[in-house]
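# A closer look at the structure
Chain by chain, the residues:
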Amino acid sequence: MSADRPAISTSGRGPVRSLWGYTRGIRVVLVGLLALDLAANAAALIQPLAARWVLDQLEAHRSVLGPALMLAGVAAVGLVLVGLSTFLLERTGQHVVRGVRRGLVGRVLHAEVGVVERGAVGDFLSRLGSDTTLLEEDIAGSLVHAAASPLTVVAALVLMATVDQPMFLLVVGMLTVTTVAERWSFRWLSRATEDAQARVAGMLSGLQRALIAFRTVKASGTEDLEDRLIGQEADSAYRAGVRAARARAILEVVAMIAVDVTFLVVLAVGAARVASGDLGLPDLVAFLLYVIFLRDPIETTTVAAAALSAGLAAVKRIEEVRTLPPEPVTTHAGPPRASAGGGPADVRFEGVWFGYRGVPVLRDVTVGMGVGLTVLAGPSGSGKTTILSLIERFADVERGRITLEGRDLRDLDRAELRHRLAYVQQEAPLLGDTIRAAALYGVPDPEHADLGGALRAVALDDWVARLPDGLDTVVGERGVAISGGQRQRLAVARALLRGADVLLLDEATSQLDAVSERTLLDSVAHQARTRTVIAATHRLSVAATADQVVLLANGRVRSIGLHDELIRGDRLYRELASVGGGTGQEAGRDIP
Ligand SMILES: Nc1ncnc2c1ncn2[C@@H]1O[C@H](COP(=O)(O)OP(=O)(O)OP(=O)(O)O)[C@@H](O)[C@H]1O
């Protein structure tokens, strides 16, 4: 199969709205956390006033014990509140991210086959991993702080206004200039973060591609080439990361300069006003303490806003996966006619047309496939796998219809349909870490499944018996510890155990030796006595025992008949049988 892989399309919703959407269900908690954060900040806000009280008491030669105790008490309460709110914020962030991650996994697994196959796997992984990690920092660090800290700044400003209005206006002016300057850095930061995340995704996709084809990479001596290509993505991610770090550093420095310059200006202006008698010394000290106090919420606001803009870049990428369309649900699906294992199920294609993104692949295909073995033959690219995919409803036909027992597949619930089918895909990947788990994967009633019988049917029983751990032998997620032929046979065993009415085999014997293939074909033939077995293959040895052979060429049904009939009557088939497989669509065009 071939497939070009365009990037995952962008979603229409703005990232801020999406981020807000993630907090559904915990908004009350967030409000509580905001209150906690504000209480912690309020405790800090009281301190300058308490300090002024201490100074006033000193000036008036009165006892400072009361105000001093209050100062210490407020500081202690403030510290406890800060610790509590930091922990609860982190926990809430983790909670939100868990929900987003689970949602993403569900989305990808329930999306349409075509949509997922067009996206690069590494890209999905990076969105699930590093993008959601950024989001976690974002939620914990910014949502609440970004709301609480500006409020604290406003409260500090209000208190400043009560102390001295001219100096209050001075502080407001300086903060306004700072905010405008910071906006530039935010944009810069957001772009750089988005770029860095996309590069990390590119790096993961590249590595994943190279690891899947690891032996080919080794055999082709292209380790250095792959190293360079993947390394380039890592370099680009580094450069984007540095740009983001620069923007973040500038932001923080701008914020700190603003506070420091404001402090100096307030000190100079305030000292002049104290000298002229317009301002009392305790007022100036309280005012200066407020300016120093501002450093913290301003820094927090800046860091939170920086995390927010970085997080929003991640949200954008997360949303692109979260909005993947799921496989459409058949709302008008009626009750199933028979359950899996319930007997004969014929599949009919009636004038079926289908293509991938506008390029026709199947053209007016009409064929019936009932109980027995149907072999789909034809040159490479003639549409054999596509026929199996359409039966599984990985995609729907464009024109015509496919029926199962007379009912249009589009009228059947997908899950119900797939329950009645068993499919062995070309690469026969194994899911499950042991032989037992791999063979029972997706089997409806694993406790009562005849595992031994299925392994015998595919001639794996002797091999398994010789293994020290038998059925519990670990074969690895991708079955790398076993040979290609054994993997195929295990995949067929799994399909047999599903007890489905229709068995779909895509090149399921391509890696088997003649003896193993014979054994497997006998099992298939046995299955075909009561079931519909449809096998796409280049190995026309399979076709010799078939009840019918459907020869495809250029997406059309060229001939239907028994193997011997086609050998006698079709030159293309004869050629395919003699060379053991087609070499391309050309064969279909050249031979009349
Ligand atoms: N996901 C896809 N996106 C775009 N084109 C595709 C996709 N899958 C298959 N095709 C194209 O459709 C045509 C038929 O492919 P298909 O895999 O059905 O052929 P096949 O007969 O099974 O080939 P083979 O024997 O080589 O496995 C090919 O030209 C292929 O490039």
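Quick notes on the rules
Residues numbered from 1 in each chain as written. Predicted model: local features only at pLDDT ≥ 70, side-chain atom pairs only at ≥ 80, totals over all residues. Domains from an automatic or database assignment. Pairing = 2+ DSSP bridges. Helix = DSSP H or I, 4+ residues; strand = E, 2+ residues; numbered from the N terminus. Near = placed C-beta within 6 Å. Nonpolar A, V, L, I, M, F, W, Y, C, P; charged D, E, K, R; others polar. Axes fitted to C-alpha atoms, helices over the stretch in contact; angles between N-to-C directions. UniProt positions renumbered as here; feature names shortened; annotations may be inferred. Parallel < 35°, antiparallel > 145°, perpendicular 65-115°, else oblique. Contact = placed C-beta atoms within 7 Å. Buried ≥ 20, exposed ≤ 12 C-beta atoms within 10 Å, placed from the backbone. pLDDT = per-residue confidence, 0-100. Arc of directions from axis to C-beta. Core = buried A, V, L, I, M, F, W, Y, C linked by C-beta atoms within 7 Å.

### Focus on the domain arrangement of the chain
- Partitioning the chain into domains gives domain 1 (15-322) and domain 2 (347-590).
- The C-alpha-based centres of domain 1 and domain 2 are spaced at 55 Å.

### Description of the sheet that holds strand β1 (residues 347-356)
- If you trace the four strands from one edge of the open sheet to the other, you get β2-β1-β4-β5, paired in antiparallel fashion. One side of each edge strand has no neighbouring strand; the edge strands of this open sheet are β2 (359-369) and β5 (407-408).

### A few points about the site of the ligand
- Taken together, 15 residues form the shell around the ligand, and within it Y356, S380, K384, T385 and T386 come nearest.
- Per element, the largest residue contribution to the shell around the ligand is three residues, and it comes from helix α10 (residues 384-391).
- Split into classes, the residues belonging to the shell around the ligand amount to five nonpolar, eight polar and two charged.

### Details of the sheet that holds strand β6 (residues 421-424)
- Read across the sheet, six strands follow the order β6-β7-β8-β3-β9-β10 without closing on themselves; strand pairing throughout is mixed. Of all strands in the sheet, those bounded by a partner on one side alone are β6 and β10 (556-561). In this sheet, neighbouring strand axes are inclined to one another by 15 degrees on average, regardless of whether the strands run parallel or antiparallel.
- In the sheet, strand β7 (residues 502-506) pairs with strand β8 (residues 532-536) via five bridges, with the strands oriented parallel.

### Comments concerning the UniProt feature "transmembrane region" (unreviewed entry) in the chain
- Under the present numbering, the feature "transmembrane region" (unreviewed entry) in UniProt falls on residues 68-89, 143-161, 167-186 and 249-275.
- For the annotated span residues 167-186, helix accounts for 100% and strand for 0% of the residues, and the straight-line distance between the end C-alpha atoms is 29 Å.
- For residues 249-275, helix accounts for 100% and strand for 0%, while the C-alpha atoms at its two ends are 38 Å apart.

### Here's the deal with the packing of helix α1 (residues 15-22) against helix α9 (residues 281-322)
- Relative orientation of the contacting elements α1 and α9 amounts to 80 degrees, with a least axis distance of 9 Å. Relative to α9, the element α1 lies roughly perpendicular. Facing α1, whose interface residues are P15, V16, S18 and L19, α9 presents L312, V315, K316 and E319.
- Grouping the constituent residues of the contact of α1 with α9 by class yields five nonpolar, one polar and two charged.

### With respect to unusual backbone geometry
- Unlike most non-glycine residues, R393 shows phi in positive territory, near 60 degrees.
- Mapping R393 onto the fold places it in the loop between α10 and β4 (399-404).
- Overall, the presence of 21 C-beta atoms within 10 Å leaves R393 in the buried class.
- At N554, a position not held by glycine, the phi torsion is positive, near 50 degrees.
- On the secondary structure map, N554 appears in the loop between β9 (548-553) and β10.
- Overall, the presence of 19 C-beta atoms within 10 Å leaves N554 in the partly exposed class.

### Some points on the environment of E319
- Tracing the sequence through the fold places E319 in helix α9.
- Exposure remark for E319: the 24 C-beta atoms within 10 Å place this residue in the buried category.
- On a C-alpha basis, the gap between E319 and L512 in space is 44 Å, while along the polypeptide they are 193 residues apart.

### Thoughts on the confidence of the model for the chain
- For the chain, mean pLDDT is 80; residues scoring 70 or higher make up 91% of the total.
- The weakest mean pLDDT in the chain belongs to helix α19 (residues 585-590) at 39; the strongest belongs to α10 at 94.
- Across residues 1-11, confidence stays below pLDDT 50; counting only partners more than four residues off in sequence or on other chains, it has 16 contacts.
- Below a pLDDT of 50 lies the segment residues 338-342, which in the model reaches 10 contacts outside its immediate sequence neighbourhood of four places, other chains included.
- Both scores are given for the predicted complex: the pTM is 0.71, the ipTM 0.97.

### Topic: the pairing of β10
- Both β9 and β10 contribute to a ladder of five bridges, which runs antiparallel. Along β10, the bridge assignment pairs V550 with I560.
- The antiparallel hairpin formed by β9 and β10 contains two residues in its connecting segment, where N554 sits at a positive phi of about 50 degrees.

### Details of the pairing of β2
- In this structure, β1 lies alongside β2, joined through seven bridges in antiparallel fashion. Of the residues in β2, the one forming a bridge with F354 is L362.
- Taking the residues that link successive antiparallel strands as the turn, the β1-β2 hairpin has two residues, and the phi of R357 there is positive, at about 45 degrees.

### Regarding the environment of L159
- With respect to the secondary-structure elements, L159 resides in helix α5 (residues 121-163).
- Linking L159 and R348, residues 189 residues apart in sequence, is a C-alpha distance of 80 Å.
- Residue contacts for L159: discarding those within four places in its chain leaves L45 and Y290.

### Describing the packing of helix α3 (residues 65-110) against α9
- Where α3 contacts α9, the axes come no closer than 9 Å and their chain directions differ by 40 degrees. On the basis of the axis angle, α3 is oblique to α9. Contacts from V100, G103, L104, R107 and V108 in α3 reach I318, V321 and R322 in α9.
- Its residues placed into classes, the contact of α3 with α9 shows five nonpolar, one polar and two charged.

### Looking at helix α18 (residues 571-579)
- Of the residues making up α18, those classed as buried are L572, Y573, L576 and A577. All buried residues of α18 lie within an arc of 130 degrees about the axis, which places them on one face of the element. Counted as exposed and oriented over 90 degrees from the buried face of α18: R571, S578 and V579.

### Structural notes on the nonpolar core
- If you look at the biggest cluster of nonpolar residues, it comprises 79 residues, and the most contacted ones within it are A493, L504 and A535.
- Broken down by element, this core gets its largest block of residues, seven residues, from helix α15 (residues 484-497).
- Here A493 is in contact with A439, A454, L455, A457, V458 and L460, once residues within four sequence places are set aside.
- Counting 54 residues, the second-largest nonpolar core is a separate cluster that includes V200, L204, A247 and L312.

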